[in-house]
Amino acid sequence: MRFLIVSDIHGRYERLVKLIDAQKGIDALIFLGDGLADLERADAYSRGFGVFAVKGNCDSFSLRLRESAPEESVINLDGYRFLLMHGHTRGVKYGLTNAIYAAREREADILLFGHTHECVEKYIPEGEEYSLDKPLRIFNPGSLGASGGGYGYFGLIEIRKNGILMSHGKI
């Protein structure tokens, strides 16, 4: 299965439209906050794949989705447990400790977050720091809308029989 991971669109919905149009064969779009209104404008919910979304600290402008999107969500996809969050309520701009503890408490295999606008990919083995009962993968796709250099950043996660492939891209 292939998942497109997007966060922090911040009004640049045309980048989301371009990105969705360029991606073939995705099974779901996972949105990590700050751009719920952009998901609506890009018509992401009628594209033929699943959409999972959490709200961020700048999502007060999306009237319809703001109320239905949680601040955090746990989803199970293809045998893996994902914890989705924007990260502002866990202080991710100041470190990942609180978010990692939340992932441990929710028994997540993969922690996805946004908010920092920085691409992150990290692996923490079982039993290492944070007293994890199982390994934890951590991933931030970066910002689709607010990144410097004229680019927007996104992530792709592909679950294969022999493991998980996580990657970043720019558009």
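Computed from a predicted structure; not experimentally measured.

Draft legend 1. Layout of the packing of aromatic side chains. Throughout the structure, instances matching the rule amount to two aromatic pairs. Judged by centre distance (5.7 Å) and plane angle (80°), the ring pair of Tyr101 and Tyr130 falls under edge-to-face. In this pair, Tyr101 sits in helix 4 (residues 97-105) while Tyr130 sits in the loop between strand 7 (119-124) and strand 8 (136-141), placing the two residues 29 residues apart along the sequence. Note on Tyr130: relative accessible area 16%, which makes it buried. Its guanidinium or amino end placed over the ring of Tyr151, Lys170 lies 4.1 Å from that ring's centre, counting from NZ or CZ.

Draft legend 2. Seen up close, the sheet that holds strand 5 (residues 80-85). Pairing is mixed across the open sheet formed by five strands, whose spatial order is 4-5-6-8-7. The open sheet has two edge strands, strand 4 (72-77) and strand 7, and neither has a second partner. Along the sheet, successive strands turn relative to each other by an average axial angle of 15°, direction set aside. Sitting on the sheet, helix 4 touches strand 5, strand 6 (110-112), strand 7 and strand 8, and the angle it makes with strand 5 is about 140°.

Calculation notes
Residues numbered from 1 in each chain as written. Predicted model: local features only at pLDDT ≥ 70, side-chain atom pairs only at ≥ 80, totals over all residues. Heavy atoms only, no water. Phe/Tyr/Trp six-rings, centres within 6.5 Å; stacked < 30°, edge-to-face > 60°. Helix = DSSP H or I, 4+ residues; strand = E, 2+ residues; numbered from the N terminus. Buried < 20%, exposed > 50% of the residue type's maximum accessible area, 1.4 Å probe, protein only. Lys NZ or Arg CZ within 6 Å of the ring centre and 35° of its normal. Pairing = 2+ DSSP bridges. Axes fitted to C-alpha atoms, helices over the stretch in contact; angles between N-to-C directions. Contact = heavy atoms within 4.5 Å.

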